[in-house]
Each structure stands twice: as structure tokens, then as C-alpha cells.
Amino acid sequence: MGIKATNIVWQQTNVSRQDREKLLRQKGILIWFTGLSGSGKSTVATMLEKKLHDMGKLTYLLDGDNVRHGLNSDLGFSIEDRIENIRRIAELSKLFVDSGVITITTFISPFIKDREAVKELLKDDFIEVYVDCPIEVCEKRDPKGIYKKARKGEIKNFTGIDSPYEPPVNPEITVKTHIDSLEECVSKIIDYLELK
Ligand SMILES: Nc1ncnc2c1ncn2[C@@H]1O[C@H](COP(=O)(O)OP(=O)(O)O)[C@@H](O)[C@H]1O
Ligand SMILES: [Mg+2]
């Protein structure tokens, strides 16, 4: 992505990421959930965040729908808007990680290319969590009733129905919410973080 403005110079600051991380006694990291609607991203992430918080960690959860209420309220679900949605979230997450926060995002983020762009931006600070669950199970759960609407043709470009979902090729973590319990899914992520 190029820069439109001219005559801008990066301003150096006196407090570094390392300083903030020392103060917080933790490392900033981005835990990026990806998966179909209803796969369990928000459910797993919400419990993960609570566990980390109870462990004394400073966290921030950026949830798909919430971001679309504010920062990205001007964006829809066309291909271009989805790309811009993820680009802004990646930049925002980068600032959070730089502030030392354990940042958690829950966006369908269906395209490999977009998630690779996030990884490109965050480098080793990016942990991809694939919330793996067959679409039949997601559709049966349908916690927001949106599959029903999508089947009726009331929602266009719905991931898994008339818009593709590209599963991660090499995610750091995979949780299978149709097989493992919520607690098991969360533990798997905590174990990985402790190892790291
Ligand atoms: N092991 C599990 N992990 C996470 N969610 C589960 C699990 N088993 C069943 N569910 C249910 O699946 C649904 C997932 O919805 P949600 O977390 O909103 O999905 P998403 O954020 O991916 O759209 C919830 O109703 C949740 O209770
Ligand atoms: Mg969600």
C-alpha cells in the first residue's frame, strides 16, 4: 500500500515497545482467529481473553461485528470492502501489539491473501488460529440466524454459501469446535502461548 500524502516524516518517540512490555511484564502479540460464521471464533476468543485477563495479562479483543459498528462502518461485504476491512484491522492490531497488548481478533477473514498481508505486516507477532468446523455444523448452530437469511438469498456474498472460504494452509493453531469442547479449544491456545 503506497502513501498518498507527501511531506510526512516518521516521528521518533522516547518510550519504546520494549519499555511498555517491561512495564506490563508481557509481550505484545496478535492472535488472529479465522473461520466460518458460527464456527466459534467469538466464543473461543471471549473465553481465551477472560482466562488471560485472570492470569494478569492485558488483552484487547477486536470482534468482527463491533469493528463494523465504528471504524469500518463505511464498509460492506464486497470483495474490495472485505480487503479494506482486513487491512485497517491489521494496521489497528499492529498499534495494539506495539503498545504491548495481547490482541485478539475474530474476523471470518476468508481469503488467504488478506491473512498473508496481515502476517507480512505483523511478522512473528502474528499467530493464526484456524477455527475449523464443517459448514453443516455452523449452519445448524446458526447463532445469529444469518445462515437462514443467506439461504433465502437475503444476504449476498455470504462466506461458505455464495462467497468462498479459504482455509489456512499452515496455521500456528487449529481448533476443531465440532470435536473438542470449548475448554479444550481454549487450553490448546493457552498451551501454545505459554510455550512461545
Ligand atoms: N467447542 C465449541 N467452541 C466454540 N463454540 C461452540 C463449541 N461448541 C458449540 N459452540 C457454539 O457454536 C456457536 C459459535 O458461535 P460464534 O462464537 O458466534 O461463532 P463466530 O464468532 O465464529 O461467528 C455458539 O453458539 C457456541 O455456543
Ligand atoms: Mg463472531
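- Under an unreviewed UniProt entry, the protein has the name Adenylyl-sulfate kinase and belongs to Clostridium pasteurianum BC1.
- The Function (unreviewed entry) comment attached to the protein in UniProt states, word for word, "Catalyzes the synthesis of activated sulfate."
- Recorded under Catalytic activity (unreviewed entry), the UniProt text for the protein is reproduced unchanged: "adenosine 5'-phosphosulfate + ATP = 3'-phosphoadenylyl sulfate + ADP + H(+)".

Describing the nonpolar core
- Within the largest apolar cluster, 20 residues are counted, with the highest numbers of intra-cluster contacts made by Ile31, Phe33, Leu48, Ile104, Val129 and Ile189.
- Broken down by secondary-structure element, the contributors of at least two residues to this core are strand S1 (29–34), helix H2 (41–54), strand S3 (102–106), strand S4 (126–132), strand S5 (173–176) and helix H8 (182–195).
- For this core, the element with the most residues is H8, which contributes five residues.
- Non-local contacts of Ile31, meaning those with residues more than four positions away in its chain, are made with Leu48, Ile102, Thr103, Ile104, Thr105, Ile127, Val129 and Leu193.
- Val67, Ile89, Leu122 and Phe126 belong to the second largest nonpolar core, which has 12 residues in total.

Looking at the site of ligand 1
- In the region of ligand 1, 15 residues are neighbours, and Gly38, Lys41, Ser42, Thr43 and Asp180 sit closest.
- Leu36 has a polar backbone atom sitting 3.4 Å from an oxygen atom of ligand 1.
- Contacts to ligand 1 include Ser39, whose backbone N or O atom sits 3.4 Å from an oxygen atom.
- Protein burial of ligand 1: of its 570 Å² of free accessible surface, 75% is covered by the chains.
- Placement of ligand 1 is best described as lying within the second largest pocket.
- The element contributing the most residues to the shell around ligand 1 is H2, with four residues.
- Of the residues that constitute the shell around ligand 1, the class distribution is four nonpolar, eight polar and three charged.

Section: the packing of H2 against H8
- Between H2 and H8, whose axes approach to 9 Å, the crossing angle comes to 55°. One way to sum up the angle between H2 and H8 is to call them oblique. For the pair H2 and H8, the sense of crossing is right-handed. Contacts between H2 and H8 involve Thr43, Val44, Met47, Leu48, Lys51 and Leu52 from the first element and Leu182, Glu183, Cys185, Val186, Ile189, Ile190 and Leu193 from the second.
- Of the residues that constitute the contact of H2 with H8, the class distribution is 10 nonpolar, one polar and two charged.

So, how was this worked out
- Residues numbered from 1 in each chain as written.
- Chains lettered and ligands numbered in written order.
- Predicted model: local features only at pLDDT ≥ 70, side-chain atom pairs only at ≥ 80, totals over all residues.
- Heavy atoms only, no water.
- UniProt positions renumbered as here; feature names shortened; annotations may be inferred.
- Core = buried A, V, L, I, M, F, W, Y, C linked by side-chain atoms within 4.5 Å.
- Buried < 20%, exposed > 50% of the residue type's maximum accessible area, 1.4 Å probe, protein only.
- Helix = DSSP H or I, 4+ residues; strand = E, 2+ residues; numbered from the N terminus.
- Contact = heavy atoms within 4.5 Å.
- Near = heavy atom within 4 Å.
- Polar contact = N/O pair within 3.5 Å; in protein donor to acceptor, adjacent residues only side chain to side chain.
- Areas by Shrake-Rupley, 256 points an atom, 1.4 Å probe, with all protein chains shown as cover.
- 1 Å grid on protein atoms, 1.4 Å probe; cavity = no way out; pocket = protein on both sides within 12 Å on 5 of 7 lines; lining within 4 Å.
- Sits in = over half its atoms within 2 Å of the grid points.
- Nonpolar A, V, L, I, M, F, W, Y, C, P; charged D, E, K, R; others polar.
- Axes fitted to C-alpha atoms, helices over the stretch in contact; angles between N-to-C directions.
- Parallel < 35°, antiparallel > 145°, perpendicular 65-115°, else oblique.
- Left-handed = near helix turned anticlockwise from the far one by under 90°.

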